[in-house]
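# Topology and contacts: notes
Now for the letters of each chain:
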Amino acid sequence: MNTCSLVNFLRVVWIVAILWYELAAFSYQVSQCPWPVIPRNDPVETDPHAYHAPTHVLLIADTQVLDHRSYPDRPAWLMWLSQRMVDLNMRKSWWATKQLHPDVIIFLGDMMDGGRYAMSDDEYESYLRRTKDMFAIDESTPVYYLTGNHDVGIGSSDEWSKFARDRWLSHFGPLQQRLKIANHTLVLLDAPGLVEEERKRVVSGMSFPRWTAANPNGPIAFAQQSAEVVHSERHPTVLLTHIPLFRPRDMSCGPLREHGTIREGSGYGYQNTLDYLVSNMLLEGIRPSVIFSGDDHDYCEVRHPIRPSDDIPLSELHSVKEVSVKSFSMAMGIRRPGYQLLSLVPPSSASPSGPTISDVPCFLPDQLGTYIFIYGSLGAVSLLVLLAYHVFHVHASSFQKSSILALLTLRRTLSPSVDMEQVRSSVLQSPDHSPSASQVLRTYDDEPDVTGEADFMLPPPTPGIVVTAKRKNTYPSPLKLRFNVGGQKLVADFSSVRDLLYGCCGKGGTHVVGKGGRRTGLLRAFLGDVVAVAWLPVTLFLAVAWWFL
């Protein structure tokens, strides 16, 4: 294999890797996680008009679109690069996820990493445009948003904007709301507001009913009003909250979690779980069929015990499942981002006493692992292959020259009966003979014998530096296609494509040998081929990034 063949082979490997890991892998991962199926009534045995197709709801958590405040300890250039790489990853993830064509999309809070910070209106609008452009969707698809602590804040700080909630209301919609989807009631809580109000209620010493009477428009009052609506309508209920509900310490999150668990705790601008009393009020009052939360970034599935009720019967387990949905961002301390798929069918369309709700977690490619392990390993292998090729090439060339010099010495010192034509033929017909070998043969063949004693003389000294002859251009003939259009002859010349493939293979075929020259020639040829291999995959990667960004 010559240098150009090796370079082009490595180019093809890199191009396939870039196309797969930057594009196809995202679509493939999405295709491997279809919408969950719910058993339904047999349309032959029941009224076919009573059947309704499932409503597909896409749940996205913690996108936390970065801004310049996200990593204050990083230098400006690294923050700029981090922001671009995370944006690129989420745009590719969203491009693939949209192929599921959901009927409804719900974001579970923390849309913008710095949405709560004090900033000018112009800066906020620019930040908002970037966020919504990243998650662009057809206008016919309903989209709903929950508040998160990074959107509106928890507690107080001089760094946070006093207009955070007003901005949310103007650009994302209500802080809390109830939806009717497929004869199900979806309760969307204002979890940050609920945390703040619960702290005030505890300090005041009021009970929930008294607090609700004094604050009829707050998050606690909304939760209790939602409980009344659920009991009166008797529809299956889905509870959605940014902050997870309280659970016992060190409660397992299941096998799909990457590390750790969710524990009670709070800090600057965050609270890991809702308080125990608030969580119990939500469970006993709303009695949801399933709960979805965010905030934690990693996947967590737990079951909350709840007392059975004649009004809203539960499963035999007497418990409610809560799923904390994975973050959609690669920058949230997890290797594989994800999302949740939720299918809802009206109770009339489900099988008797069967479920009307089904959900499944879905995971996206490990982008950081791709950069470190896939591209890193492939880069190391490519460098080793090129280096081994050039080292072998130089040593093989030096060995062949030494062999030729030894044969020529025999010619001058031994009997002239040695068949040098046979030697020449075997050397030149060797598949790995170098141009320098032919040069040495020609040099010695052209030297005449000056005396009859020349056969017994030693060969003249070898020059200090031998430079190989310039390779003859062995490109294939230019690629031209001729057309006849309307009586005019047109020629399409694809020589530039040929030049790209054959003319950018570095200078691996030329090595300088001699005193101090061999090492320089090897390094120059090696680096030239590294650049020749790299420029095309790098250009492709930048083109993909430019297309998404």
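For the structure itself, consult the block above.
Counting its secondary structure elements, the protein chain contains 14 helices and 17 strands. Considering only residue pairs separated by 6 or more positions, the protein chain has 76% of its internal contacts joining residues 24 or more positions apart. If you sum the accessible surface of the protein chain, you get close to 28500 Å²; carbon and sulfur atoms cover 60% of it.

A large share of strand S5 (residues 184-188) lies buried, amounting to 5 of its 5 residues. Burial of S5 is two-sided: the residues His-184, Leu-186 and Leu-188 facing one way and the residues Thr-185 and Val-187 facing the other way are all buried. In this sheet, S5 lies alongside strand S4 (residues 177-181) in antiparallel orientation, the contact comprising 5 bridges. By the bridge assignment, Arg-178 is partnered in S5 with Val-187. A loop of 2 residues connects S4 with S5, the two strands running antiparallel in sequence, and Ala-182 in this loop sits at a positive phi of about 50 degrees.

Under the counting rule described, the total for this entry stands at 2 disulfides. Disulfide partner of Cys-33: Cys-362, at an S-S distance of 1.9 Å. Disulfide Cys-33-Cys-362: torsion about the S-S bond near -70 degrees, hence left-handed. Of this pair, Cys-33 sits in the loop between helix H1 (3-31) and strand S1 (55-60) while Cys-362 is found in strand S13 (residues 357-363), placing the two residues 329 residues apart along the sequence. The residue that forms a disulfide with Cys-253 is Cys-300, at a sulfur-sulfur distance of 2.1 Å. Linking Cys-253 and Cys-300, the disulfide has an S-S dihedral of approximately -75 degrees and is accordingly described as left-handed. Placement of the pair is Cys-253 in the loop between strand S6 (237-241) and strand S7 (266-267) and Cys-300 in strand S10 (residues 300-305), with a sequence separation of 47 residues. Across this residue pair, the class does not change: Cys-253 and Cys-300 are buried.

The next thing to look at is helix H5 (residues 164-171). Each full turn of the α-helix corresponds to 3.6 residues, which orients residues three or four apart in the same direction. Ala-164, Arg-167 and Trp-168 are the residues of H5 that are buried. Here the buried residues of H5 occupy an arc of 100 degrees about the axis, which is enough to place them on one side. In this structure, the buried residues of H5 make contact with helix H3 (121-134), strand S3 (143-145) and helix H4 (149-152). Of the residues one or two after H5, Gly-173 is the one with positive phi, at around 110 degrees.

One non-glycine residue with positive phi stands out, namely Asp-62, at about 50 degrees. As for its placement among the helices and strands, Asp-62 is situated in the loop between S1 and helix H2 (76-97).

Taken as a whole and judged by the stated rule, the model has 19 aromatic pairs. Measuring from centroid to centroid gives 5.6 Å for Trp-95 and Phe-548, while their planes differ by 75 degrees, and the two rings are edge-to-face. Remark: Phe-548 occurs in helix H14 (residues 517-548) and Trp-95 occurs in helix H2; sequence separation between them is 453 residues. Of the residues examined, Phe-548 reaches a relative accessible area of 10% and is grouped as buried. Residues Tyr-371 and Tyr-375 carry aromatic rings whose centres are separated by 6.0 Å and whose planes lie at 35 degrees to one another, so their mutual orientation is tilted. In this pair, Tyr-371 and Tyr-375 both sit in helix H10 (residues 367-413), 4 residues apart, roughly one turn of the helix.

Here we come to the packing of H3 against H5. Their axes nearest at 13 Å, the elements H3 and H5 cross at an angle of 45 degrees. As the angle between them shows, H3 and H5 are arranged oblique. Between H3 and H5 lies a crossing whose hand is right-handed. Residue-level contacts link Asp-121, Tyr-124, Glu-125, Leu-128 and Lys-132 of H3 to Arg-167, Trp-168 and His-171 of H5. Class assignment for the residues of the contact of H3 with H5 results in 3 nonpolar, 1 polar and 4 charged.

Cut-offs applied
Residues numbered from 1 in each chain as written. Predicted model: local features only at pLDDT ≥ 70, side-chain atom pairs only at ≥ 80, totals over all residues. Heavy atoms only, no water. Helix = DSSP H or I, 4+ residues; strand = E, 2+ residues; numbered from the N terminus. Contact = heavy atoms within 4.5 Å. Areas by Shrake-Rupley, 256 points an atom, 1.4 Å probe, with all protein chains shown as cover. Buried < 20%, exposed > 50% of the residue type's maximum accessible area, 1.4 Å probe, protein only. Pairing = 2+ DSSP bridges. Disulfide = S-S within 2.5 Å. Arc of directions from axis to C-beta. Phe/Tyr/Trp six-rings, centres within 6.5 Å; stacked < 30°, edge-to-face > 60°. Axes fitted to C-alpha atoms, helices over the stretch in contact; angles between N-to-C directions. Parallel < 35°, antiparallel > 145°, perpendicular 65-115°, else oblique. Left-handed = near helix turned anticlockwise from the far one by under 90°. Nonpolar A, V, L, I, M, F, W, Y, C, P; charged D, E, K, R; others polar.

No statement about biological role is implied by the geometric values presented.
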